[in-house]
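# A look at the structure
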Amino acid sequence: MYRRINQKIRKELEEIVGRRNMIFESDMILDYSHDEFSLPEIARDPEVVVKPCKVEEVAAILCLANQKIIPVTPRGGATGLCGGCVPSEGGIVVSLENMNRVLEIDENNQMAVVEAGVRLMDFYKAVEEAGFFFPPHPGDESAMIGGLIATNAGGSRAVKYGVFRNYVKGLEVVLASGEIINLGGRIMKNSTGYNLMNLIIGSEGTLGIVTKAVINLLPQPPFIRSLIIPFDELEKAIESVPLMGKEKILPMAVEFVPREVIQITEKYLKKKWPSMEGQTYLLVILDASSEEEMDKLSETIAEICMDREALDVYVADTQKKQEEILEIRSMIYEAIKDHTLEILDIVVPRAEIPLHVKKVYEVSRKFDIWLPTFGHAADGNVHTHIMKARFENGEIHPVPEAEWREKIDYVRRELYKDCKKRGGVISGEHGIGLVKKPFLSFVLGEKQIELMKGLKRVFDPRNILNPGKIFD
Ligand SMILES: Cc1cc2nc3c(=O)[nH]c(=O)nc-3n(C[C@H](O)[C@H](O)[C@H](O)COP(=O)(O)OP(=O)(O)OC[C@H]3O[C@@H](n4cnc5c(N)ncnc54)[C@H](O)[C@@H]3O)c2cc1C
């Protein structure tokens, strides 16, 4: 149904972006065939990669692709975990990597104006240099603004400060037809018709290509402190979290992490976590406007946790100590990556986390598969890792493919069923992409999916934009 890219079309693309911003050599194109999802069977080479430098070029590419009916897959940093930027129908990959300028930090409006290819690490740098704070903190800082918006990325600070959607105020978007639209702007409120901007956020490149964004910024919090709290039992650790809310404390982040993955990451990084005790940890990050307030918050949390049988409370109050802790936490992925098949992204009501994690342990025993599980305790987002290895006597032991292959789907199904039973959804922040597509109907009703498909037809009647993602 889709047209292949012939010499004539390639020439037309070259006229739009220039030869040096095109890739079609098979050895180089391979890099654009996958994201961070591990299994190679979902990968596919595009026929061509184009790297536009301005919005007019993106518009011209889409106009051409729409006329000729060629699939187009937008691509950011390719840090996605569900195959979202994989060109599963071939065709053109539009990589936003050349549109990488922070255009303005507008101090009067406390907003940043950025191109879609700005990497998160560069965005933080620009924002911090201007004395502002951008709270969402997804784990991989090489992700790009366009991809982060297209997945409505979250991260550990979501419980207090929300996710990407809460900060995006304006978008420049190129539609499948090649038309350019501007949604929202440097405005804090907007009740003017349907909110198309919020429809684009989280649409995974299926409704339009984001080329520019206006992002709201906050003042930097004066004091930040991290607490590491070891427990013997996960249940006790997680039970402590709602008790913080009862005391009217809203931490910036509360993560739960099992000892085993900390041990592996300590070895990988040759760095030490502040505690050797217990089987599971809460990592609580607090912000406050004064040292007195910070001390009071820390003391109350320590009391709550000690009442729930915490073994100790370690305080990291210097920037260096906090950075070391965060480094270990954020490098868990790298430390176990070679043995990870898939990272689930289930979100359940916060109070359901202990029961859901209990189910994970049960499934792990039933299928005899290692499922290290950690995540954002305060917002209900649980990342269960489906592994192709065992963890025994402090060491990782790879398992042959014949043993893990057929178990993956059973694990997904059992955990997605449990998530539905608890009123959760199958993705809290990573998106659906290709990998979770077969499970969308587990949690969304027929009518909802039908409405989504209808919207897709309105935005993209020829189905050229990231086809085959979210639903067929
Ligand atoms: C170590 C690690 C930790 C992570 N931690 C978190 C976390 O804490 N929270 C979280 O939310 N995610 C996390 N992720 C997942 C990932 O970083 C996010 O999904 C991120 O938003 C993807 O951005 P990207 O630029 O890499 O997008 P890509 O992977 O390139 O693309 C993702 C999707 O967005 C679409 N897209 C990309 N650019 C555009 C554009 N300009 N316009 C329209 N559509 C576009 C693609 O087509 C695709 O569907 C993590 C991933 C890793 C590897």
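Let us look at the structure shown here. None of these values were measured; they are calculated from a predicted model. (Residues numbered from 1 in each chain as written. Predicted model: local features only at pLDDT ≥ 70, side-chain atom pairs only at ≥ 80, totals over all residues. Heavy atoms only, no water.)

### Regarding the overall build of the chain
Along the backbone of the chain there are 17 helices and 21 strands. Relative to its length of 472 residues, the chain is compact, with a C-alpha radius of gyration of 23 Å against a globular reference of 23 Å. Across its three principal axes, the chain shows a C-alpha extent of roughly 70 × 60 × 45 Å. When contacts within the chain are restricted to residue pairs at least 6 apart in sequence, those whose partners lie at least 24 apart make up 73%. Of the accessible surface of the chain, which amounts to about 21,000 Å², a share of 50% is contributed by carbon and sulfur atoms. Placing the 60 positive and 71 negative side-chain charges of the chain at their respective mean positions leaves the two points 5 Å apart. (Helix = DSSP H or I, 4+ residues; strand = E, 2+ residues; numbered from the N terminus. Rg over C-alpha atoms; globule rule 2.2 N^0.38 Å. Contact = heavy atoms within 4.5 Å. Areas by Shrake-Rupley, 256 points an atom, 1.4 Å probe, with all protein chains shown as cover. Lys, Arg positive; Asp, Glu negative; His and termini not counted. Charge placed at Lys NZ, Arg CZ, Asp CG, Glu CD.)

### Details of the nonpolar core
Grouped together as the largest cluster of nonpolar side chains are 82 residues, with contacts concentrated most on Ile92, Phe123, Ile145 and Leu171. By residue number, the principal contributor to this core is helix α3 (residues 55-68), which donates seven residues. (Core = buried A, V, L, I, M, F, W, Y, C linked by side-chain atoms within 4.5 Å. Buried < 20%, exposed > 50% of the residue type's maximum accessible area, 1.4 Å probe, protein only.)

### Overview of the packing of helix α8 (residues 234-246) against helix α13 (residues 353-367)
Remark: α8 packs on α13, axes separated minimally by 9 Å, with the N-to-C direction vectors making an angle of 155°. Here α8 is positioned roughly antiparallel relative to α13, judged by the angle of their axes. The handedness of the crossing between α8 and α13 is right-handed. When α8 is examined against α13, the residues Leu234, Glu235 and Ile238 are found in contact with a partner set consisting of Ile353, Pro354, Val357, Lys358 and Tyr361. Taken together, the residues of the contact of α8 with α13 break down into six nonpolar, no polar and two charged. (Axes fitted to C-alpha atoms, helices over the stretch in contact; angles between N-to-C directions. Parallel < 35°, antiparallel > 145°, perpendicular 65-115°, else oblique. Left-handed = near helix turned anticlockwise from the far one by under 90°. Nonpolar A, V, L, I, M, F, W, Y, C, P; charged D, E, K, R; others polar.)

### Some details on the packing of aromatic side chains
Under the definition given, this model contains eleven aromatic pairs. Taking the centre distance of 6.4 Å and the plane angle of 40° together, the rings of Tyr124 and Phe134 count as tilted. One end of the pair, Tyr124, is in helix α4 (residues 120-129); the other, Phe134, is in the loop between β7 (132-133) and α5 (145-150), and ten residues separate them in sequence. With respect to class, Tyr124 is no different from Phe134; both count as buried. Ring geometry for Trp370 against Phe391: centres 5.4 Å apart, planes inclined by 15°, an arrangement best described as stacked. Of this pair, Trp370 sits in the loop between α13 and β18 (373-376) while Phe391 sits in strand β20 (residues 389-392), and the two are 21 residues apart along the sequence. (Phe/Tyr/Trp six-rings, centres within 6.5 Å; stacked < 30°, edge-to-face > 60°.)

### Describing the sheet that holds strand β2 (residues 48-50)
Spatially, β1-β2-β4-β3 is the arrangement adopted by the four strands of the open sheet, whose pairing is mixed. Edge positions in the sheet fall to β1 (22-23) and β3 (72-75), since each has one partner strand and no second. Direction of pairing for β2 relative to strand β4 (residues 92-95): parallel, over a ladder of three bridges. In the sheet register, Val49 faces β4, and the bridge partner there is Val93. (Pairing = 2+ DSSP bridges.)

### A short note on the site of the ligand
Looking at the ligand, there are 35 residues lining it, with Pro74, Gly76, Gly77, Thr79 and Thr151 nearest. Between the ligand and the protein, one listed contact pairs a nitrogen atom with a backbone N or O atom of Val210 at 2.9 Å. Asn466 is positioned such that a nitrogen or oxygen atom in its side chain is 3.2 Å from an oxygen atom of the ligand. Look at the ligand: alone it shows 980 Å² of surface, and the protein chains cover 95% of it. Elements with a contribution of two residues or more to the shell around the ligand: β3, α5 and β10 (209-216). Top element by residues in the shell around the ligand is α5. It accounts for four residues. (Near = heavy atom within 4 Å. Polar contact = N/O pair within 3.5 Å; in protein donor to acceptor, adjacent residues only side chain to side chain.)

### So, the pairing of strand β21 (residues 395-398)
In this structure, β20 lies alongside β21, joined through four bridges in antiparallel fashion. Bridging from a neighbouring strand, Ala389 pairs with Pro398 of β21. Two successive antiparallel strands, β20 and β21, enclose a turn made up of two residues, where Asn393 displays a positive phi of approximately 50°.

### A word on the pattern of salt bridges
One pass over the full model with this rule turns up 35 salt bridges. Close ionic contact of Glu12 with Lys8 constitutes a salt bridge, the shortest N to O distance being 3.4 Å. A residue pair is termed a helical-turn pair when its members lie 3 or 4 positions apart in one helix, as Glu12 and Lys8 do in helix α1 (residues 7-17) at four residues. Accessibility expressed as a relative area gives 54% for Lys8, which makes it exposed. Taking the shortest distance from any N to any O, the salt bridge between Glu450 and Lys447 comes out at 3.2 Å. Highlighted residues: Glu450 and Lys447, both in helix α17 (residues 446-459), separated by three residues, approximately one helical turn. Under the relative-accessibility criterion, Glu450 is labelled partly exposed at 45%. Exposure remark for Lys447: the relative accessible area of 51% places this residue in the exposed category. One continuous salt-bridge network, built from bridges that share partners, spans Glu342, Asp409, Arg412 and Arg413. (Salt bridge = Lys/Arg side-chain N within 4 Å of Asp/Glu carboxyl O.)

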